[in-house]
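Structure at a glance
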Number of protein chains: 2
Amino acid sequence: MRVLGVDPGLTRCGVGVVEGVAGRPLTMLGVGVVRTPADADTALRLVAVEAGLEAWLDEHRPEVVAVERVFSQHNVRTVMGTAQASAVAMLCAARRGIPVVLHTPSEVKAAVTGTGRADKAQVGAMVTRLLRLSAPPKPADAADALALAICHIWRAPAMNRLQQAAAQHASAAKGRTR
Amino acid sequence: MRVLGVDPGLTRCGVGVVEGVAGRPLTMLGVGVVRTPADADTALRLVAVEAGLEAWLDEHRPEVVAVERVFSQHNVRTVMGTAQASAVAMLCAARRGIPVVLHTPSEVKAAVTGTGRADKAQVGAMVTRLLRLSAPPKPADAADALALAICHIWRAPAMNRLQQAAAQHASAAKGRTR
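Chain A is annotated in an unreviewed UniProt entry as Crossover junction endodeoxyribonuclease RuvC from Streptomyces bambusae. On record in UniProt, under Catalytic activity (unreviewed entry), the comment for chain A is "Endonucleolytic cleavage at a junction such as a reciprocal single-stranded crossover between two homologous DNA duplexes (Holliday junction)." Looking at chain A in UniProt, the text filed under Sequence similarities (unreviewed entry) is "Belongs to the RuvC family."

Right under this line is the structure:
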């Protein structure tokens, strides 16, 4: 499974591509950041984010795009930019027919470090170890994007089992009411 | 000046096209709502909003797109959908090189009713009168989109004068420091 992780943001949108399956060593195929100037109009920044993400999708052709789920209880100013950038990421993927899956920051931290309250350094250290890199990816947004992709590869089997169980339950319930 | 007003939302995204200049009677060229199913994935809803807005831009070729400015102090759940839909609206316009201008809800209400605290019915009544319609546009999101377009046509001259004054001030300041 090849996953593009996106840590959405207008100033720095982290992107990371990881390939692998749960239970086997993972491979990093690419990591980077799409940046847009803070003094530009929001509309133009969104166009730049779209162009940047399209280039990543063109180059790596991921099967799934994993995006960080945005919560609005955070900082009022930054949350709007994050929500807007995440909308562009979801749009770019879904427009190509690529499934989009959202993971919360604590799900990502728990997946790669074992605790949902891990700090940036801990996440960076685990991403470095899991992908056998020589140093933690910089900036932190790039490391977070890789962590999102890893989180998705590891959670996907459980998510699929849950979906199958729900589908079976639904069809069984349908059988009973027939 | 031809303006497409967008009242952003995932469930109902209001759109309205108004043509005219400040101080002259205005003409409504179109009004409607782009709807997406509440039970669909957010990513697919954003694709549907994009397709709907693209059709409006293709048909009416506006010179400006006026979008309601989203604030995050509102309801936590709805603000995310509003922010995401507004990102798609800004993206669609800016990608075509069409200027995007944001107006706050109170600026819009003040422009068409004289008070920033007007209710939906008052906005609908004034939009009906200003555009010489036989009845208020329904739903309220459609009327709000028309109000946004009207607000922009009326505020544009003042906004242009302010921009020119700021530019002159900047070039004068530059002259002094030379």
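So much for the structure itself; the text now carries on.
A few words now on the overall build of chain A. Looking only at helices and strands, one finds five helices and five strands in chain A. From first element to last, N terminus to C terminus, chain A shows the α and β order β-β-β-α-β-α-β-α-α-α. Computed over C-alpha atoms, the radius of gyration of chain A comes to 17 Å, within 12% of the 16 Å expected from 2.2 N^0.38 for 178 residues, which places it in the range of a compact globule. By its C-alpha atoms, chain A is 60 × 35 × 35 Å across when sized along the principal axes. Residues classed as buried in chain A amount to 46% of the 178 residues present. For chain A, restricting intrachain contacts to residue pairs at least 6 apart in sequence, the fraction spanning at least 24 positions comes to 64%. Accessible surface, chain A: about 8,800 Å² in total, of which carbon and sulfur atoms supply 53%. Of note, chain A has its 21 positive side-chain charges centred 9 Å away from the centre of its 14 negative side-chain charges.

For these two chain copies, the linking operation is a rotation about an axis paired with a shift along it. Of the transformation superimposing chain B on chain A, the axial component is 0.0 Å and the angular component is 180 degrees, with the fit at an RMSD of 0.1 Å. Taken together, the rotation and translation relating the two chain copies correspond to the operation of a two-fold axis. No C-alpha of chain B approaches the rotation axis more nearly than that of Gln84(B), which lies at 2.6 Å. The share of interface residues of chain B whose copies in chain A are also at the interface is 100%, consistent with both copies meeting through the same surface.

Residues and elements named next belong to chain B. Relative to the elements of secondary structure, cysteine 151 occurs in helix α5 (residues 140-177). Residue cysteine 151 is classed as buried on the basis of its relative accessible area, which comes to 0%. Spatially, the C-alpha atoms of cysteine 151 and alanine 22 are 9.6 Å apart, while their sequence positions differ by 129 residues. Filtering out sequence-adjacent residues up to four positions away, cysteine 151 remains in contact with His103, Glu107, Val108 and Ala111.

Moving on: the packing of helix α3 (residues 105-113) of chain B against helix α4 (residues 120-130) of chain B. Residue and element names in this part refer to chain B. Contact geometry for α3 and α4: axes closest at 9 Å, N-to-C directions at 50 degrees. The angle between α3 and α4 places the two elements in the oblique class. The interaxial crossing formed by α3 with α4 has left-handed handedness. Between α3 and α4, the contacting residues are Lys109, Val112 and Thr113 on the first element and Gln122, Val123, Met126 and Leu130 on the second. Here the contact of α3 with α4 is built from residues that sort into four nonpolar, two polar and one charged.

What follows is about the interface of chain B and chain A. Each side of the interface is counted separately: chain B has 21 residues, and chain A has 21 residues. Summing both sides of the interface, chain B and chain A together bury roughly 1,800 Å²; the carbon and sulfur share of this comes to 77%. Summed over the shared surface of chain B and chain A, the number is two salt bridges. Between Glu50(A) and Arg95(B) there is a salt bridge, with its nearest N and O atoms 2.5 Å apart. Where chain B meets chain A, there are two residue pairs in polar contact (both at pLDDT 80 or more). Broken down by secondary-structure element, the contributors of at least two residues to the side of chain B that touches chain A are α1 (42-60) and α2 (76-95) of chain B. Among the elements that make up the side of chain B that touches chain A, the one with the highest residue count is α2(B) (12 residues). When its residues are assigned to classes, the side of chain B that touches chain A shows 15 nonpolar, four polar and two charged.

With that out of the way, let us pick up helix α1 (residues 42-60) of chain A. Residues and elements named next belong to chain A. For α1, built from 19 residues, the straight-helix expectation of 27 Å at 1.5 Å per residue is met to within 8% by its first-to-last C-alpha distance of 27 Å. Buried within α1 we find Ala43, Arg45, Leu46, Val49, Glu50, Gly52, Leu53, Glu54, Trp56, Leu57 and His60. Arginine 61 sits one or two positions beyond α1 and adopts a positive phi of about 40 degrees.

Criteria and cut-off values
- Residues numbered from 1 in each chain as written.
- Chains lettered and ligands numbered in written order.
- Predicted model: local features only at pLDDT ≥ 70, side-chain atom pairs only at ≥ 80, totals over all residues.
- Heavy atoms only, no water.
- UniProt positions renumbered as here; feature names shortened; annotations may be inferred.
- Helix = DSSP H or I, 4+ residues; strand = E, 2+ residues; numbered from the N terminus.
- Rg over C-alpha atoms; globule rule 2.2 N^0.38 Å.
- Buried < 20%, exposed > 50% of the residue type's maximum accessible area, 1.4 Å probe, protein only.
- Contact = heavy atoms within 4.5 Å.
- Areas by Shrake-Rupley, 256 points an atom, 1.4 Å probe, with all protein chains shown as cover.
- Lys, Arg positive; Asp, Glu negative; His and termini not counted.
- Charge placed at Lys NZ, Arg CZ, Asp CG, Glu CD.
- Least-squares fit on C-alpha atoms with pLDDT ≥ 70 in both.
- Axes fitted to C-alpha atoms, helices over the stretch in contact; angles between N-to-C directions.
- Parallel < 35°, antiparallel > 145°, perpendicular 65-115°, else oblique.
- Left-handed = near helix turned anticlockwise from the far one by under 90°.
- Nonpolar A, V, L, I, M, F, W, Y, C, P; charged D, E, K, R; others polar.
- Buried area = accessible area lost by both parts, 1.4 Å probe.
- Salt bridge = Lys/Arg side-chain N within 4 Å of Asp/Glu carboxyl O.
- Polar contact = N/O pair within 3.5 Å; in protein donor to acceptor, adjacent residues only side chain to side chain.
- Expected span 1.5 Å × (residues − 1).

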